[in-house]
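# Fold and geometry: a report
Residues per chain, in single letters:
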Amino acid sequence: MSAPAPQEPQATSSHMMKTTKRGRPYLKDTLDLFATLIVSLQLTPHKQFFRTFTHSFSTDEAAQNLASLKFSQSNRGPDPREPSRVVTTTTTTTFSMTREMAKAMCQHFMDARLIENATDPSSNLFKDRGVYQLTPKGLHVLERFISKNGINSDHLQPVFASQPICIKLLHLERRSVDDEIIVTQSVITALFRRFVGRQANYQVQSDKPLDPFEKYNERSKGIALHDITERPQLAKAQQVHKHCFAAVAALEWLCDFTSVVGREEAAEMAAQFVRFGLITLVSDKRKNNDSAIIFTVRGSAPGGNSPVSQQGEFRCTAKAIYKITDEGRRVAHWDASRLAGVTDSPNASSAALTSDRPSVDGSVESSSENKKSGADAKIHRRISMAEKLNMTYEAGEKKNSKESNTDRLRYILEDPGLRSLFREFLRSNFCEENLAFWIDVQDFKKKFGVTSSAMAVTPVRQGNRNTPGQAAMEKHHESLINTAFVIYNTYLAPSSQCELNIDHGLRNELVKYLEDAVTSLTGKAFQGRVEPEQATAFNATQLQTMIRLYERIQTHVFRLMATDSVPKFIKTPKFLAMRNWSEDFDPSDADIQLLTSGPTSPPGLSGSEEVGGAYITISQQASEREHRQQAQQALQTQQS
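Residues numbered from 1 in each chain as written. Predicted model: local features only at pLDDT ≥ 70, side-chain atom pairs only at ≥ 80, totals over all residues. Heavy atoms only, no water.

### Points about the overall build of the chain
Regarding its fold elements, the chain presents 24 helices and 16 strands. Split into buried and exposed, the 640 residues of the chain put 51% on the buried side. For the chain, the share of sequence-separated contacts (at least 6 apart) that also reach a separation of at least 24 residues comes to 73%. (Helix = DSSP H or I, 4+ residues; strand = E, 2+ residues; numbered from the N terminus. Buried < 20%, exposed > 50% of the residue type's maximum accessible area, 1.4 Å probe, protein only. Contact = heavy atoms within 4.5 Å.)

### Some thoughts on unusual backbone geometry
Phi angles above zero are rare outside glycine, and phenylalanine 49 is one such case at about 55 degrees. With respect to the helices, strands and loops of the structure, phenylalanine 49 is situated in the loop between strand E1 (44-48) and strand E2 (51-58). Classification of phenylalanine 49 by relative accessible area gives exposed; the value is 60%. The phi angle at phenylalanine 50 is positive, at roughly 65 degrees, despite the residue not being glycine. Within the element layout of this structure, phenylalanine 50 appears in the loop between E1 and E2.

### A few points about the packing of helix H15 (residues 416-428) against helix H16 (residues 432-449)
For the pair H15 and H16, interaxial distance at closest approach is 7 Å and the crossing angle is 140 degrees. Taken together, the axes of H15 and H16 lie oblique to each other. Counted together, Arg419, Phe422, Arg423, Leu426 and Arg427 of H15 and Glu432, Leu435, Ala436 and Ile439 of H16 form the full contact between these two elements. Of the residues contributing to the contact of H15 with H16, the split by class is 5 nonpolar, no polar and 4 charged. (Axes fitted to C-alpha atoms, helices over the stretch in contact; angles between N-to-C directions. Parallel < 35°, antiparallel > 145°, perpendicular 65-115°, else oblique. Nonpolar A, V, L, I, M, F, W, Y, C, P; charged D, E, K, R; others polar.)

### Describing the pairing of strand E9 (residues 239-246)
Pairing geometry for strand E8 (residues 226-230) and E9, over 4 bridges, is antiparallel. Across the sheet, residue isoleucine 228 finds its bridge partner in E9, namely histidine 241. (Pairing = 2+ DSSP bridges.)

### Some points on helix H2 (residues 59-67)
Here H2 has its buried residues at Thr59, Ala62, Ala63, Asn65 and Leu66. The buried residues of H2 occupy an angular sector of 170 degrees when the element is viewed end-on, so they sit on one face. (Arc of directions from axis to C-beta.)

### Examining the sheet that holds strand E5 (residues 115-117)
Strand order across the open sheet formed by 4 strands is E1-E2-E6-E5, with antiparallel pairing between neighbours. Looking at the sheet topology across the chains shown, the edges are occupied by E1 and E5. Across this sheet, the average inter-strand angle for adjacent strands is 60 degrees, counted without regard to direction. Bridge count for E2 against strand E6 (residues 131-134) is 2 bridges, and the pairing is antiparallel. Looking at the pairing, phenylalanine 57 lines up with tyrosine 132 of E6.

### What to know about the confidence of the model for the chain
Of the residues in the chain, 75% reach a pLDDT of 70 or more, and the chain-wide mean stands at 77. Considering only residues more than four positions removed or in separate chains, one finds that residues 396-403, a stretch of pLDDT under 50, has 4 contacts. (pLDDT = per-residue confidence, 0-100.)

### Here's the deal with the nonpolar core
Counting 91 residues, the largest nonpolar core has Phe192, Phe195 and Phe314 as the members making the most contacts within it. Beyond its immediate sequence surroundings of up to four residues, phenylalanine 195 is in contact with Gly222, Ile223, Phe245, Ala250, Trp253, Leu254 and Phe273. One finds Ile487, Tyr488, Leu506 and Val518 within the second-largest nonpolar core, a separate group that totals 51 residues. (Core = buried A, V, L, I, M, F, W, Y, C linked by side-chain atoms within 4.5 Å.)

### Observations concerning the environment of leucine 139
Along the chain, leucine 139 turns up in helix H4 (residues 136-149). On the basis of relative accessibility, which here comes to 0%, the residue leucine 139 falls in the buried class. With near-sequence residues (within four places) excluded, leucine 139 lies in contact with Leu134, Val159, Phe160, Gln163, Pro164 and Ile165.

### A look at the packing of helix H1 (residues 27-40) against H2
At a minimum axis separation of 10 Å, H1 and H2 run at an interaxial angle of 110 degrees. Our classification of the angle between H1 and H2 gives roughly perpendicular. Facing H1, whose interface residues are Leu33, Leu37 and Ser40, H2 presents Ala62, Asn65 and Leu66. Along the lines of polarity and charge, the residues of the contact of H1 with H2 split into 4 nonpolar, 2 polar and no charged.

### Examining the sheet that holds strand E13 (residues 320-324)
Spatially, the 4 strands line up as an open sheet ordered E8-E9-E13-E10, and their pairing is antiparallel. If you trace the sheet from one side to the other, it starts and ends with E8 and strand E10 (279-284), each paired once. Taken over all neighbouring pairs, the strand axes of this sheet differ in orientation by 50 degrees on average, direction set aside. Note that E10 and E13 share 5 bridges and pair antiparallel. Within E13, the position partnered with serine 283 by the bridge is isoleucine 321.

### As for the packing of aromatic side chains
In the structure shown here, the tally under the stated rule is 18 aromatic pairs. With centroids separated by 4.4 Å and ring planes inclined at 20 degrees, the aromatic side chains of phenylalanine 126 and tyrosine 132 adopt a geometry described as stacked. Note on accessibility: phenylalanine 126 and tyrosine 132 belong to one class, buried. Considering the side-chain rings of phenylalanine 192 and phenylalanine 273, the 5.3 Å spacing of their centres and the 75 degrees angle between planes classify their relative orientation as edge-to-face. Of this pair, phenylalanine 192 sits in helix H6 (residues 185-196) while phenylalanine 273 sits in helix H9 (residues 262-275); the two residues are 81 residues apart in sequence, bridging distant segments of the chain. Given a relative accessible area of 0%, phenylalanine 192 falls into the buried group. Ring pairs connect the aromatic residues Phe192, Phe195, Tyr216, Phe245, Trp253, Phe257, Phe273, Phe314 and Tyr322, which therefore count as one cluster. (Phe/Tyr/Trp six-rings, centres within 6.5 Å; stacked < 30°, edge-to-face > 60°.)

Structure, rendered in structure tokens:
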């Protein structure tokens, strides 16, 4: 096998992880270390208290791997001195910590709601002899990490398939100096709307018990609400408080469905809800000797009739009950949702929100900030995917329909739910291979550009020159070669299983390249299909040439789908039905951008003031599973 180009020795450096004033590592480091650890583990069944917990790990296993954990990432690109040649740059990060430090790190994972105690999910302590499983939020973070870093995750697919995954995770941007959430009115508005949902989330009683997926989907709609009836002292009539929730439940919800880390930070965000007049205390019937933790935040207030005050406090007690205020209901747009006939979806709410008055900044530490930054950070209402499709459809009728269909196809490919529906449509029209090829090449390009591995380091045996990281990279290179030729043999070889109908010149160019490459590498003539022993001889530069040829075929297939399939697809009953709830389901332009590339520049390096913001990331696996469930329910309804 011809491996990637040899790499020059690289300099090494060592540093401690940065920690916040609370003593926790910065959020990005926490998420990256968590995902690296999980990729390095084998999540297997563990027994405790006469029960078996699947896809779990023990305290000892986590501590052992964190004691010496290595993450290697290789980036391939053209050699600056010789652009036709591919060079590989590998960066290796090794984490080393004692058992006590490893346990403390796992406690941070629990605080961030990435893992939970399998025997007692309500426990917030990482114990010495415990068994742990991933939370839906942890699976969302893990999925993004795997996709971004090109990691082989075959051993984790059973976990993704068997457990609920957080479909939409709301991220709140943080200051680069201290990793504190940047608080503006628009950010609090975005967080609050996600917190309360598109409609008041009253729990519906059902005779049929809900499975774990259904329970999680109900929670994801927004904080569970209920009404409270009480008789105030010296009052004759009873008083009914609507839209109430427990303080502790609010903290748990914020930790589970947003990037908030720990109950302290969740309590600060809840205190901001109080400060902005969105929620208010109903009662706190704790006994006098019960301890009370009260979080207070301060900030500037505009004065006048504004509901925003300079101070807000939130009581973190088991008996504290809060309710949504009139201002909170107005900001939530509940009345507008009912008038528009919006129906609940399992992943309701979006951060695509607008504030009706100028932003007012505030934070836990400071009573005033630059008011200009709040206005700049204002989160405007974003147009839903269905609205975009309809707008481009109307524009296409008036202008250039080809351009309109291209835009529609981009939206469809970027949205997991629409893409799954589009795939069903193509399958029914016997041309699914076009989309399958496009997706396979996209995945292949991503894996080729960035390759990563994570493992617990074991001593290297004498006489074995390859480190575990190098061995993993070589194995991944073999996998890339195999993928490249699986694509060829599946879609492009003569009489292949899913042969594409492509331009004759393009096919000949690809065949000519493979003939020359196979003959020069193996000395054997190319027979139309690439055998495994021939494929192993290919190096990274030759793979990149194949990628360029695949990209040209991708462009041809894309145009074919845009001009032939999309106009028919958007007129199908299933697509039209999906439009009715797409406001909840579809990501916006900004969501998609942040899903694929993240912020344009790291905090603190853009040369401008950090103004804060909120954005949503969407789990592709959870969205596709949700779409399949929707399709099955629709089919069952039709049959009944």
